[in-house]
Amino acid sequence: MAALDLFGRRWSLRILWELRAGPLGFRPLQKRCDDMSSSVMRQRLTELLDAQVIHQLPDSRYELTPLGQEARHALNPLARWAERWAATIDPQGADHTDDQSAGRVSHLGTVGDGTPERDSVD
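Cut-offs and rules
Residues numbered from 1 in each chain as written. Predicted model: local features only at pLDDT ≥ 70, side-chain atom pairs only at ≥ 80, totals over all residues. Heavy atoms only, no water. pLDDT = per-residue confidence, 0-100. Helix = DSSP H or I, 4+ residues; strand = E, 2+ residues; numbered from the N terminus. Contact = heavy atoms within 4.5 Å. Expected span 1.5 Å × (residues − 1). Buried < 20%, exposed > 50% of the residue type's maximum accessible area, 1.4 Å probe, protein only. Arc of directions from axis to C-beta. Salt bridge = Lys/Arg side-chain N within 4 Å of Asp/Glu carboxyl O. Bend = angle between axes of the 7 residues up to and from the residue.

1. A few points about the confidence of the model for the protein
For step 1, the next point in the chain: Looking at the protein, pLDDT values average 79 and 75% of them are 70 or higher.
For step 2, the next point in the chain: Within the protein, strand 3 (residues 105–110) has the poorest average pLDDT of any element, 35, and strand 2 (residues 62–64) the best, 97.
For step 3, the next point in the chain: The low-confidence segment residues 95–122, where pLDDT is below 50, has 42 contacts with residues more than four positions distant or belonging to other chains.

This is the structure in structure tokens:
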């Protein structure tokens with residue numbers, strides 16, 4: 001299925017998610033995507049442009065097309081599930097640490113889009 005191939009590529013869904021609130025330029029979008037490499041960002045943007053889920057405005061910012069908005073709405077149930085999943089894994093919150101977890105995964109939080117993120121303490 002072509003949509004799964006497109007959205008299954010690393011960063012594709014994140015780009016759509018970050019554009020949910022409105023248009024962004026290349027650098028601000030890159031920052032919101034954890035400073036992904038410029039080459040990967042360009043590749044993903046080209047793929048999303050070709051798929052007509054985003055388009056580029058005359059001022060060079062990117063925004064979701066109507067198809068992209070539909071995809072974003074389709075992701076809302078997944079985002080809600082991710083929040084419940086993160087709460088199940090770490091019901092005490094992202095700042096919870098204990099002596100036994102030192103040196104291992106010390107907290108499980110969520111990134112701004114509600115997806116789980118694991119951080120290790122060095």
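2. Side note on the side chain of S12
For step 1, the next point in the chain: By the element assignment, S12 lies in helix 2 (residues 12–18).
For step 2, the next point in the chain: Setting aside residues no more than four positions away along its own chain, S12 makes contact with L6, F7, R44, E47 and L48.

3. A look at helix 4 (residues 38–50)
For step 1, the next point in the chain: Taking 1.5 Å per residue, 13 residues should reach 18 Å; helix 4 reaches 18 Å between its end C-alpha atoms and fits that length.
For step 2, the next point in the chain: Along helix 4, the positions that sit buried rather than exposed are M41, R44, L45, E47 and L48. Viewed end-on, helix 4 has its buried residues packed into an arc of 160°, placing them on one side of the element.
For step 3, the next point in the chain: Looking at the buried residues of helix 4, the elements they touch are helix 1 (2–7), helix 2, helix 3 (26–32), strand 1 (54–56) and strand 2.
For step 4, the next point in the chain: Looking at the residues trailing helix 4, positive phi occurs at Q52, about 65°.

4. As for the pattern of salt bridges
For step 1, the next point in the chain: Counted according to the given criterion, the structure contains 5 salt bridges.
For step 2, the next point in the chain: With a closest N to O distance of 2.8 Å, E18 and R14 form a salt bridge. You can see E18 and its partner R14 sitting in helix 2, 4 residues apart, about one turn around the helix.
For step 3, the next point in the chain: By relative accessible area, which is 14% here, R14 ends up buried.

5. Describing helix 5 (residues 66–89)
For step 1, the next point in the chain: Here helix 5 is 24 residues long and its end C-alpha atoms lie 35 Å apart, about the 34 Å a rise of 1.5 Å per residue gives.
For step 2, the next point in the chain: The sharpest bend along helix 5 reaches about 30° and sits at N76, with the proline P77 one to four residues further on.
For step 3, the next point in the chain: Of all the positions in helix 5, only G68, A71, R72, L75, A79, A82 and A86 are classed as buried.

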